[in-house]
Amino acid sequence: MRIQATFLTLLAASLPLSAQAQDLSGMAGALKVHSTRERTFVGAISYTQPVGNYNALSLSYINEGHPEDHHRDGMAGQVWLRTKNVAQGLMLGAGVGRYFFFDTARTDDGLHNFDNDHGWGSIVSLQARWQFDNRWYAQAQLNRIKPDGKDNTTHLLIGAGYRYDGVPGAKLHLQNWAYDDTLTLSTGHTIVNSLRSESSRPFTLEYRRAAGKYVDWTVSALDEGSTVLAHRRGAAAQLWLIRSLNEKVEFGMGAGPYVAWDGRDTQGHDTRLTGLLSAVARYHVNRHWLAQVAWNRVVTDYHRDADVLLVGVGRKF
């Protein structure tokens, strides 16, 4: 999948810069649809990796709200040119990149009244940040998104972020990363990407092993729960890139194939090959235990995309 290659390559480009600070931010604001002049809300979560004093790479999840007949969100990877990186004070930046979108769009189909459309677009951004002396910063950002075959949108966002220390060396696992194995049991909330957002209770069991200082691989058994539209369960294999934010917390993105059986599949397929795109935050309580929060997007070719939000506890051995 092109989305896997794009975002994993972008994150990989920042791996040698592990001694530099990284930051996480959250923003919210207003969105305008250009063709209809509709207005709705928008929200975003971003991870940014500086590259020297004047450049940066970022990965963002953007939720573009609920314009009429559309629920659109997506992942953006951007390259930034900024004024000098400062410990305190004002920093300005301009970013450009690619945006992979997921659009739940209303249709006149009698079988189901929505489609899950996927596609690519461009994103350009302007940003102003005020860095305080306690690692926190305030941020305002303007985005313009032009998706292929979809409505263009403009976002005005305001929010805050936190700058972490760069952690040199390997990611946060056991001191010898080659023996880092984790078994994690999770549950949470599944949301089907329909216009009604049907929900259910998922359960997952994940086995994770370090494949390198910044790379993990996982095998997971998933039960997404049951709704009137889908009752899907199966197994997924993913490759992950992991970044340490401090001595306890790490952040990662993963992607891979997901082979699933759907008991509500109206097209008679016994199994389907879908994609699983994920983001995870892991907190290492001690040498043997960790807590984990994960967002997973199931990407399908039969209009049954879903978000699987998970909270879990893992045992390292």
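Residues numbered from 1 in each chain as written. Predicted model: local features only at pLDDT ≥ 70, side-chain atom pairs only at ≥ 80, totals over all residues. Heavy atoms only, no water.

Taken together, the eight strands give a closed barrel; going around it, the order is S1-S2-S3-S4-S5-S6-S7-S8, and neighbouring strands pair in antiparallel fashion. If you compare each strand with its neighbour and ignore which way they point, the axes differ by 25 degrees on average. As judged from the 18 bridges shared by strand S5 (residues 89-106) and strand S6 (residues 114-131), these two strands associate in the antiparallel manner. Looking at the pairing, Phe 100 lines up with Trp 120 of S6. (Pairing = 2+ DSSP bridges. Helix = DSSP H or I, 4+ residues; strand = E, 2+ residues; numbered from the N terminus. Axes fitted to C-alpha atoms, helices over the stretch in contact; angles between N-to-C directions.)

In the predicted model, the protein carries a mean pLDDT of 88, and the fraction of residues at 70 or more is 88%. Of all secondary-structure elements in the protein, the lowest mean pLDDT belongs to helix H1 (residues 2-13), at 45, while strand S7 (residues 136-147) reaches the highest, 97. Contacts from residues 1-19, a stretch scored under 50 in pLDDT, to residues over four places away or in other chains number 49 contacts. (pLDDT = per-residue confidence, 0-100. Contact = heavy atoms within 4.5 Å.)

On to the nonpolar core. The nonpolar side chains of a soluble globular protein tend to be buried with one another. One finds Met 75, Phe 102, Leu 245, Phe 251, Met 253, Leu 277 and Ala 279 to be the most contacted residues of the largest nonpolar core, which totals 16 residues. When contributions to this core are tallied by element, the ones reaching two or more residues are S5, strand S14 (249-262), strand S15 (272-284) and strand S16 (289-299). Examining the composition of this core, we find that four residues originate from one element, S14, more than from any other. (Core = buried A, V, L, I, M, F, W, Y, C linked by side-chain atoms within 4.5 Å. Buried < 20%, exposed > 50% of the residue type's maximum accessible area, 1.4 Å probe, protein only.)

A cluster of nonpolar side chains, contributed by Leu 90, Leu 92, Trp 130, Phe 132 and Trp 136, occupies part of the molecular surface with about 510 Å² of accessible area. Inspection of the secondary structure assignment puts Trp 130 in strand S6. (Patch = residues over 30% accessible without salt bridge, like charges linked within 9 Å, V, L, I, M, F, W, Y side chains within 5 Å. Areas by Shrake-Rupley, 256 points an atom, 1.4 Å probe, with all protein chains shown as cover. Salt bridge = Lys/Arg side-chain N within 4 Å of Asp/Glu carboxyl O.)

Under the defined criterion, the tally for this structure stands at 15 salt bridges. A salt bridge links Arg 106 to Asp 69; its shortest N-O distance comes to 2.7 Å. With Arg 106 in strand S5 and Asp 69 in the loop between strand S3 (55-63) and strand S4 (70-82), this pair connects stretches of sequence that are 37 residues apart. With a relative accessible area of 32%, Asp 69 lands in the partly exposed category. A salt bridge links Asp 103 to Lys 150, with the shortest nitrogen-to-oxygen separation between them at 2.9 Å. Separated by 47 residues along the polypeptide, Asp 103 in strand S5 and Lys 150 in the loop between S7 and strand S8 (153-164) bring together distant segments of the chain. Residue classification places Asp 103 among the buried residues on the basis of a relative accessible area of 2%. Shared partners join several salt bridges into a network, and the residues in it are Asp 73, Arg 297 and Asp 307.

Another aspect to go through is the side chain of Gln 139. In this fold, Gln 139 is placed in strand S7. Of note is the side chain of Gln 139, whose polar atom sits 3.3 Å from the side chain of Arg 129. Setting aside chain neighbours within four positions, we find Gln 139 in contact with Ser 25, Met 27, Gln 127, Ala 128, Arg 129, Leu 157, Ile 158 and Gly 159. (Polar contact = N/O pair within 3.5 Å; in protein donor to acceptor, adjacent residues only side chain to side chain.)

Quick look at unusual backbone geometry now. Notably, Asp 69 is not glycine yet its phi reads approximately 70 degrees, a positive angle. Unusually for a residue other than glycine, Arg 135 sits at a positive phi of about 80 degrees. Within the secondary structure, Arg 135 sits in the loop between S6 and S7.

Quick look at the environment of Val 259 now. Relative to the elements of secondary structure, Val 259 occurs in strand S14. What makes Val 259 partly exposed here is its relative accessible area of 46%. Separated by 13 residues in sequence, Val 259 and Arg 272 have C-alpha atoms that sit 5.8 Å apart. Beyond its immediate stretch of four places on either side in the chain, Val 259 contacts Arg 233, Gly 234, Ala 235, Arg 272 and Leu 273.

Once that is clear, we can look at the pairing of strand S1 (residues 22-33). Looking at chain direction, S1 and S8 are connected through twelve bridges and run antiparallel. Directly across from Leu 31, in S8, lies its bridge partner His 155. Count of turn residues in the S1/strand S2 (residues 39-51) antiparallel hairpin: five residues, of which Arg 37 carries a positive phi of about 60 degrees.

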